[in-house]
Each structure stands twice: as C-alpha cells, then as structure tokens.
Amino acid sequence: MHPRIRWGIAATGNIANVFARELALLPDHEVVAVGSRNLDRAKAFAQEWGVRRAYGSYAEVADDPEVDVLYIATPHSDHLATARHAIESGTAVLCEKALTVNAHEARELVALARERQVFLMEAMWMRCNPLHLRLRELLAGGALGEPRSLNATLGFLADYDPTDRLFAPDLAGGALLDVGVYPVSLAHHLFGAPATVQATATLTSSGVDGTVGMLLGYDTGAVATLTGSLTGPLPNAAYVSGTEGWVELPPDFQAVDRLLVHRPGKDPEEYAVELLGVGYTYEAAEVARCLRAGLLESPLVSWADSIAVMEVLDAVRAQIGVRYPNDAAYDDLATPAGDTSDSQR
C-alpha cells in the first residue's frame, strides 16, 4: 500500500469540508480527488483544500487509480449507488451515517463488500472517539454496576425547506437518519440490539420526521430513551445509569472530550482527552489501520452493528409512517402508516 492513505471525497457539502479539514491534521493522509454532480463546485472544493483532481461525478472519483478509499458525503438516498460503484471498482469505502436508507440496502452493501473483498465502514465517527471507547470499558468492567438506562438527545433548529436534504423525502430526509441515528448507535454500542422498539414523531409538511422519540427495551431489563430533532435545539447530552451510579456525557455527546462518572456519596470522577480536531480524525485513523492490516471491516464499527442499527431505524419508520422512494423495492418496507406489527422483535 502507498505510505500515505489517499482519499477521494464524493460530494462537497458541509460535512465533506469538515472531513477535509480533519484529514489535513493527519500527516499520513491526503485528499487526491473530489467529485460533485456540479463540476464547478468540485473545482472550488479542490482549490480550497489543495486537491489535485476534481470530477463532475462521484463515479469518477471512485475510479481514480490513486484513490485508496472513497469518503461518501452525499445525501442518504445516494449512499447505496455510490458505495456500490466504489466497491465494484475495488475502492475501499467510508460512507456517512446512516450507512444506507434501510437495512436491506445495508445488507446488500455488506454482501457485496464481502464478495469483492473490499473494505467498507459506516462513518459513525462517535464510535471511534477515545472516550466512547472508554465508556464501553467502564460499563463492561462494572463501574456502574448493572446497566439500567440510557437517555440521549441530539437536535437543532433547521430552517425548513422542503427541497433541502434534511426535509426532502426523495433525499431520505428527516431527523431520524440525520441526528437520531447517533442516539440509536450509542444505545447499540452500550446495550446491543433491543428486544422492543416503540416510537412516535411529529412529521413535517413534506412527510418526513421533524422530531422523533424512541423507547428501546432490552432483554436485560435496561431501557433507552432517545430523541432526535430538526425543529428545535436539544440538550445534546447523554446519561448512562446503572445500579451503582451513572455517567454523564456533556454536550455534544457524539464529540465528547470529557465524561463524568457519578456514584452516590462520592465526588464525580472525570475522564478527559484532548481531541485531535473535532473527532473525525479518529475514524480516518481507524480506516487507515484497517486498510494496512488487510481488514475488510472495522471492529469499532462492524458490519453487523451497522445493519442492526439500520434495523432499529426501519422499525421506527414503520411506526411513524415515514417512507422513502428507496423503500419501494422492498415489500416489507411498504407497511402502511400506523401498522406497527413489523416493528417489534
């Protein structure tokens, strides 16, 4: 492998710019190509970040012979097609969360990556954060006793525009896939797959969820209360409790640089790190580690975990009545709004 990890970036929106800025903090990484459906935007991005080649399509970036791994920052509705093309071209993929629009698409990508022996990882950067890894160690080591609950919220006020990716059904918009995926992924990281899923939401006039609330139940007796919103700011903090104490993850919990362990009758115990950048650096470093080790998937954000999270998101959407055009190919995602029979495990 080339001594530097050479990245291609698909799309030029805000998250792509953040990722390019984070990669610049890593001496053994570089962005060599960028693609957009608008060539002028790709050229502007390339000029800003010192990228050598700009393309007028995502496929051309994946096909660039110098690209080791493609970072996909497109709207959710494009994840499957863009990642599929890259994998078929033999290019490793880091695809923004949520990995796909539904679990069927996630399974398709995983099967293709396994067949073609190509690395694939969901860009759930939170799962690579050193303090999130420490949190899991604390729970596994019994620091809180027996885990009992998680409460996590993530949301902000977005200007409503039915054509914007956040609110357009054809772009798989809505709070769930954009911000709700973080609390769901945190719950899976700590507790595993839920036994039951209950959900409610307020839909926008475009038909996607503006605010979504979820209650997950586990065979251990633990529960997770989760909220995502595009219609107003939320605390963006998370609390994990057990029989002997609780952990506080201050805002913004997905990019946390400190956590506090509270135990009755004792002073809080703080764990802190000085993050490199805002935290995308850690997922990029994990991709590099996996590629150099010849791994097809990361143990930090495994294929099984990404599929399991998508299954929860599908169950939530079945209850709140949000459907996307991508769902039309799958009969079991055509459940009429209000029918929750498929949402319980």
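In this text, all values refer to a predicted model and were calculated from it rather than measured experimentally.

Trainee: If you had to explain the side chain of E22 to someone new, which residues and values would you point to?
Mentor: Among the secondary structure elements, E22 is positioned in helix α1 (residues 14-23). Separated by 3.0 Å, the side chain of E22 and the backbone nitrogen of V278 make a polar contact. The contacts of E22, once residues within four sequence positions are left out, are L276, G277, V278, G279, Y280 and T281.

Trainee: Before we move on, can you summarise helix α5 (residues 103-116) with the specific residues and values?
Mentor: Between its first and last C-alpha atoms α5 spans 20 Å; for 14 residues at 1.5 Å apiece the expected length is 20 Å, and the two agree. Of the residues flanking the start of α5, the one acting as N-cap is N102, its side-chain oxygen 3.2 Å from the backbone nitrogen of H104. Taken from the residues just after α5, Q117 is the one with a positive phi, measuring 60°.

Trainee: With reference to specific residues and values, describe the state of the cysteines.
Mentor: Scanning the model with the defined rule gives 0 disulfides in all. This cysteine, C95, is not joined by any disulfide, and C128 carries the nearest cysteine sulfur, 14 Å off. Cysteine C128 remains unbridged, with the sulfur of C290 as its closest cysteine sulfur at 8.4 Å.

Trainee: Quick rundown of the pattern of salt bridges? Include the residues and the values.
Mentor: Applying the stated rule across the entire model yields 20 salt bridges. D68 is the partner of R6 in a salt bridge, and the nearest nitrogen-oxygen pair spans 3.2 Å. Taken together, the residues R6 in strand β1 (residues 5-10) and D68 in the loop between α3 (58-63) and β4 (69-72) connect sequence positions 62 residues apart. Owing to a relative accessible area of 15%, R6 belongs among the buried residues under this scheme. Residue D64 pairs with R53 through a salt bridge whose shortest N-O separation is 2.6 Å.

Trainee: How would you sum up the pairing of strand β6 (residues 120-123)? Please name residues and give values.
Mentor: In terms of strand pairing, strand β5 (residues 92-96) meets β6 through 4 bridges, oriented parallel. Across the sheet, the residue bridging to L94 is M121, located in β6. The β-α-β motif built from β5, the intervening α5 and the parallel element β6 has right-handed crossover chirality.

Trainee: Describe the nonpolar core, and please don't skip the residues or the numbers.
Mentor: Core analysis: the biggest nonpolar cluster contains 117 residues, and W7 and L150 have the highest contact counts within it. Here this core takes 11 residues from helix α7 (residues 175-191), the largest share from any one element. Each residue touching L150, except ones within four places of it in the same chain, is listed here: P183, L186, A187, L190, F191, V223, A224, T225, L226, A238, Y239 and V240.

Trainee: Describe the sheet that holds β5, listing the residues and the values that go with them.
Mentor: Reading across the sheet, the 6 strands line up as β3-β2-β1-β4-β5-β6 and stay open at both edges, with parallel pairing between neighbours. Pairing within the sheet leaves two strands with one partner each, and these edge strands are β3 (53-55) and β6. The sheet shows a mean angle of 25° between the axes of neighbouring strands, taken without regard to direction.

Trainee: Help me get a handle on the sheet that holds strand β12 (residues 245-249), residues and values and all.
Mentor: Across the sheet, which stays open at both edges, the 8 strands sit in the order β8-β9-β10-β7-β11-β12-β13-β14 with mixed pairing between neighbours. Sheet topology places β8 (196-203) and β14 (269-272) at the edges, where each strand pairs with a single neighbour. Sheet twist, expressed as the average angle between the axes of neighbouring strands with direction ignored, equals 10°. Where strand β11 (residues 238-242) lies against β12, 5 bridges are found, and the strand directions are antiparallel. Counterpart to A238 in the pairing with β12 is L249. Across the sheet, α7 is in contact with β7 (147-155), β9 (209-217), β10 (223-229) and β11; its angle to β7 comes to roughly 160°.

Trainee: How would you explain the packing of aromatic side chains if you had to name every residue and give the values?
Mentor: In this description, a pair of aromatic rings is defined by centroid distance and the angle of the planes. In this structure the tally under the stated criterion is 6 aromatic pairs. Their ring planes at 70° and their centres at 4.9 Å tell us that Y160 and F167 sit as a pair that is edge-to-face. Looking at Y160, the relative accessible area reads 40%, which means it is partly exposed. For F167, a relative accessible area of 2% gives the class buried. The rings of W7, F19, Y71, W125 and Y280 are connected pair by pair, giving a single aromatic cluster.

Trainee: Residue-level account of the packing of α5 against helix α9 (residues 303-320), with values.
Mentor: Close contact between α5 and α9 brings their axes to 8 Å; oriented N to C, the two are set at 165°. One finds that α5 runs roughly antiparallel with respect to α9. Where α5 crosses over α9, the handedness of that crossing is left-handed. Across the interface between the two elements, A103, A106, R107, V110, A113 and R114 of α5 pack against W303, I307, M310, E311 and D314 of α9. Looking at side-chain class alone, the contact of α5 with α9 contains 7 nonpolar, no polar and 4 charged residues.

Procedures and definitions
Within each chain, residues carry numbers counting from 1 in the order of the written sequence. In keeping with the model being predicted, local features are shown solely for residues with a pLDDT of at least 70 and side-chain atom pairs are shown and tallied solely at 80 or more, while totals for entire chains, interfaces and linings include all residues. Note that the side-chain values use all heavy atoms of the structure and ignore hydrogens as well as water. Helix and strand assignments follow DSSP, with helices taken as H or I runs no shorter than four residues and strands as E runs no shorter than two, numbered in order from the N terminus. Two N or O atoms count as a polar contact when they lie within 3.5 Å, although within protein this holds only if one can serve as hydrogen donor and the other as acceptor, and sequence-adjacent residues are included solely when both atoms are side-chain atoms. Whether two residues are in contact is decided by their heavy atoms, any of which lying within 4.5 Å being enough. Multiplying 1.5 Å by the helix residue count minus one yields the expected span of that helix. Two cysteine sulfurs form what is called a disulfide whenever their separation falls within 2.5 Å. We define a salt bridge as a side-chain nitrogen of Lys or Arg found within 4 Å of a carboxyl oxygen belonging to Asp or Glu. When accessible area is computed with a 1.4 Å probe and restricted to protein chains, residues below 20% of their type maximum are described as buried, those above 50% as exposed, and intermediate ones as partly exposed. In this description, strands pair whenever DSSP reports at least two bridges between them. Handedness of a crossover is defined as follows: with both strands directed away from the viewer, a clockwise route from the first strand across the helix to the second makes it right-handed. Residues belong to one nonpolar core when they are buried, are Ala, Val, Leu, Ile, Met, Phe, Trp, Tyr or Cys, and are joined through side-chain atoms within 4.5 Å. Lines are fitted to the C-alpha atoms to define the axes, a helix being fitted only along its stretch in contact, and any angle between axes, read from their N-to-C directions, falls within 0 to 180 degrees. Under the pairing criterion, centres of Phe, Tyr and Trp rings, with the six-membered ring standing for Trp, must be within 6.5 Å; the plane angle then separates stacked pairs below 30 degrees from edge-to-face pairs above 60, leaving the rest tilted. Should an angle fall under 35 degrees it is taken as roughly parallel, and over 145 as roughly antiparallel, whereas 65 to 115 is taken as roughly perpendicular and any remaining angle as oblique. Crossings are classed by handedness, with left-handed meaning an anticlockwise turn of the near helix from the far one by less than a right angle and right-handed meaning a clockwise turn. Lys, Arg, Asp and Glu make up the charged group, whereas Ala, Val, Leu, Ile, Met, Phe, Trp, Tyr, Cys and Pro make up the nonpolar group; the residues left over, Gly among them, are polar.

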